[in-house]
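Examining the three-dimensional arrangement
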Amino acid sequence: MAGVEINDKFVRRTLDNGRIEEVLWRDLSEVRVITTADGPFAEAMFFVLIGTKGNGCVVPHSAADTAFLVRLRSLPGFDNRRVNQAIGTALDRQFSVWRRN
């Protein structure tokens, strides 16, 4: 079943075709926010989680629940200002909001 699963160990997205994207929290190396000009009637903001092994997981803003956002904001050096900037953007852009030292 397609959807996003977020828990204390990992973030997993299952696509409609059955493909699975997954990143373990402990292996997270970077977080980006991508915005598109596709709104307001389509998903236009995504969190891109990149793992240390080159794997990644895309989380649509609509699937980003409060616990997920709190977890992101707890990352040392997470740039919430850039997330707010992304929220106000209606263009195709990328924002780097966190990178592991």
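Structure: see above.
Described in the following lines is the structure provided in the data block.

How each quantity is defined
Residues numbered from 1 in each chain as written. Predicted model: local features only at pLDDT ≥ 70, side-chain atom pairs only at ≥ 80, totals over all residues. Heavy atoms only, no water. Buried < 20%, exposed > 50% of the residue type's maximum accessible area, 1.4 Å probe, protein only. Helix = DSSP H or I, 4+ residues; strand = E, 2+ residues; numbered from the N terminus. Arc of directions from axis to C-beta. Contact = heavy atoms within 4.5 Å. Phe/Tyr/Trp six-rings, centres within 6.5 Å; stacked < 30°, edge-to-face > 60°.

Bringing helix α1 (residues 66-73) into the picture now. Among the residues of α1, Phe 68, Leu 69 and Leu 72 are the ones counted as buried. The buried residues of α1 occupy an angular sector of 95° when the element is viewed end-on, so they sit on one face. In α1, the exposed positions angled more than 90 degrees off the buried face are occupied by Thr 66 and Ala 67. Buried residues in α1 make contact with β1 (3-6), β2 (10-14), β4 (28-35), β5 (45-51) and β6 (56-60).

All right, on to the packing of aromatic side chains then. The description of two aromatic rings rests on the distance between their centres and on the angle between their planes. All chains considered together, the criterion is met by two aromatic pairs. Look at Trp 25 and Phe 68: their rings are 6.1 Å apart centre to centre, the planes differ by 45°, and that puts the pair in the tilted class. Separated by 43 residues along the polypeptide, Trp 25 in the loop between β3 (20-24) and β4 and Phe 68 in helix α1 bring together distant segments of the chain. On the basis of relative accessible area, Trp 25 is assigned to the buried category, the value being 8%. For Phe 68, a relative accessible area of 0% translates into the label buried. Centroid distance Phe 47 to Phe 68: 5.6 Å. Interplanar angle 80°. Geometry classified as edge-to-face. One end of the pair, Phe 47, is in strand β5; the other, Phe 68, is in helix α1, and 21 residues separate them in sequence. In this structure, Phe 47 and Phe 68 share a single accessibility class: buried. Here a set of aromatic residues connected by ring pairs shows up, and it is made of Trp 25, Phe 47 and Phe 68.

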